[in-house]
Amino acid sequence: MQDIVILKCGGSTINELSKEFFDNMRKLQKSGKYPVIVHGGGPAIQHMLEQLQIEFEFVNGLRKTTEDMMDIVEMVLVGHVNPALTRHVNSAGLKGFGISGSDLQLLEATPLNYNRYGLVGEISNVHTNVINQLLEKNIIPIIAPIAIGQDGKKYNVNADTAAGAIASALGAEQLIFVTDVPGILKDEQLLEEVTTDEVEMMIQDGIIFGGMIPKVKAAMKGLTNNVREVLIVNGMESKLKNKQNLAGTTIKVPVKS
Ligand SMILES: Nc1ncnc2c1ncn2[C@@H]1O[C@H](COP(=O)(O)OP(=O)(O)O)[C@@H](O)[C@H]1O
Ligand SMILES: CC(=O)N[C@@H](CCC(=O)OP(=O)(O)O)C(=O)O
């Protein structure tokens, strides 16, 4: 479907999504768009691992995930974050349906590199029919980034990467990263529009770092795989810059002359 809008809600902002955020989602639906939510939950996973005194490390921005840790990741994302966000969406008067990426084989994965990352998955297939069936009924799918492998094991997928893969598979019109900053910042100023070439340079220069890296990488991959537009916006403010578009950073493919 052309009118699909993927909203990736980061763990940084998930508990503080503004009323305007939900109002804007309602406006999206009224204008004939089909929102799909993919959520993270990194801070909640970290909190639980710390409570359980389980040590963890990030390798290239990805949580190295042992078998025991995988149970905790699933417990937090599918048992806690997903139903809480789904309740929030439903109490805002929208129709949300929470689903784990491993349900109905929605997200299929292969190990990214077992020795280096453990049970971190690379998405190999998205069963879009599951999502489309919900969208046809005007239900908002709310997806936790857990994938299922051909080996029957569950895999931990970075939520930005999962959102990008889902957006590409659905040929989404927009992929919107909802996070805790107004967009991509440079010298504390918001960049309203950047090209993928500029993004590459900003990664090299260290202007884009940490949690922003998987977002821009998913953005760049999405833009070369069917996604029409990528935005990074703040979930706590959720301002509209015109009737339909949220204020933030738009990432574009440069026009070559
Ligand atoms: N150039 C940049 N502009 C804005 N934020 C940046 C930039 N580079 C790195 N970041 C960091 O990226 C963070 C957002 O990523 P992350 O914490 O993973 O959020 P989420 O949980 O929403 O995925 C920001 O809080 C900020 O610290
Ligand atoms: C492999 C990997 O790193 N998975 C992430 C999944 C959650 C996530 O991505 O949450 P945010 O969007 O809040 O960062 C993790 O374990 O934290």
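What counts and how
Residues numbered from 1 in each chain as written. Chains lettered and ligands numbered in written order. Predicted model: local features only at pLDDT ≥ 70, side-chain atom pairs only at ≥ 80, totals over all residues. Heavy atoms only, no water. UniProt positions renumbered as here; feature names shortened; annotations may be inferred. Helix = DSSP H or I, 4+ residues; strand = E, 2+ residues; numbered from the N terminus. Buried < 20%, exposed > 50% of the residue type's maximum accessible area, 1.4 Å probe, protein only. Contact = heavy atoms within 4.5 Å. Pairing = 2+ DSSP bridges. Axes fitted to C-alpha atoms, helices over the stretch in contact; angles between N-to-C directions. Salt bridge = Lys/Arg side-chain N within 4 Å of Asp/Glu carboxyl O. Parallel < 35°, antiparallel > 145°, perpendicular 65-115°, else oblique. Left-handed = near helix turned anticlockwise from the far one by under 90°. Nonpolar A, V, L, I, M, F, W, Y, C, P; charged D, E, K, R; others polar.

- Looking at an unreviewed UniProt entry, one finds the protein chain named Acetylglutamate kinase and attributed to Cerasibacillus terrae.
- You can read under Pathway (unreviewed entry) in the UniProt record for the protein chain the words "Amino-acid biosynthesis; L-arginine biosynthesis; N(2)-acetyl-L-ornithine from L-glutamate: step 2/4."

## Points about the overall build of the protein chain
Stage number 1. Regarding its fold elements, the protein chain presents eight helices and 16 strands.
Stage number 2. Each of the three principal axes of the protein chain carries a C-alpha extent, and together these read 45 × 45 × 35 Å.
Stage number 3. Within the protein chain, buried positions represent 49% of all 257 residues.
Stage number 4. Look at the contacts in the protein chain between residues 6 or more apart in sequence, and 73% of them connect residues 24 or more apart.

## Thoughts on the sheet that holds strand 9 (residues 146–149)
Stage number 1. Sheet architecture is open: four strands sit in the order 7-6-9-10, paired in mixed fashion. In this open sheet, the two edge strands, each paired with only one partner strand, are strand 7 (121–126) and strand 10 (154–156). Averaged over neighbouring strand pairs, the angle between their axes works out to 50 degrees when direction is ignored.
Stage number 2. Against the sheet, helix 3 (residues 67–91) makes contact with strand 9 and strand 10, and its axis sits at roughly 75 degrees relative to strand 10, the strand it touches most.
Stage number 3. Strand contacts of helix 6 (residues 159–170): strand 6 (107–111) and strand 7, with the helix running at about 20 degrees to strand 7, the strand carrying the most contacts.

## Things to note about the pattern of salt bridges
Stage number 1. Evaluation of the coordinates by the stated rule reveals nine salt bridges.
Stage number 2. The shortest N-O distance in the salt bridge between K8 and D160 comes to 2.9 Å. Within this pair, whereas K8 is found in strand 1 (residues 4–9), its partner D160 is found in helix 6, the two being separated by 152 residues in sequence.
Stage number 3. Its relative accessible area of 2% is what places D160 among the buried residues.
Stage number 4. Of the charged contacts, one joins K252 and E193 as a salt bridge, the two residues approaching to 3.9 Å between their closest N and O atoms. Taken together, the positions of K252 in strand 16 (residues 248–252) and E193 in strand 14 (residues 193–195) put the pair 59 residues apart, joining distant regions of the chain.
Stage number 5. Taking relative accessible area as the criterion, K252 reaches 35% and is therefore assigned partly exposed.
Stage number 6. What makes E193 exposed here is its relative accessible area of 52%.
Stage number 7. By sharing partners, the salt bridges in this structure join K8, D160 and K215 into a single network.

## Quick word on the UniProt feature "domain: Aspartate/glutamate/uridylate kinase" (unreviewed entry) in the protein chain
Stage number 1. On the UniProt side, "domain: Aspartate/glutamate/uridylate kinase" (unreviewed entry) is annotated at positions that read residues 4–234 here.
Stage number 2. Counting secondary structure, residues 4–234 comes out at 40% helix and 27% strand; the distance between its end C-alpha atoms is 20 Å.

## With respect to the packing of helix 7 (residues 196–204) against helix 8 (residues 212–223)
Stage number 1. Following both chains from N to C, one finds helix 7 and helix 8 inclined at 150 degrees, their axes separated by 11 Å at the closest point. By the criterion of interaxial angle, the relationship of helix 7 to helix 8 is roughly antiparallel. Classified by chirality, the crossing of helix 8 by helix 7 is left-handed. Across the interface between the two elements, T196, V199, E200 and I203 of helix 7 pack against I213, V216, M220 and L223 of helix 8.
Stage number 2. Here the contact of helix 7 with helix 8 is built from residues that sort into six nonpolar, one polar and one charged.

## Some thoughts on the sheet that holds strand 14
Stage number 1. In space, the eight strands of this open sheet follow the order 5-8-2-1-11-15-16-14, with mixed pairing throughout. The two strands at the open ends of the sheet, each matched to only one other strand, are strand 5 (96–100) and strand 14. Averaged over all adjacent pairs, the angle separating strand axes in this sheet is 20 degrees, with direction ignored.
Stage number 2. The sheet contact formed by strand 1 and strand 2 (residues 34–39) spans six bridges and is parallel.

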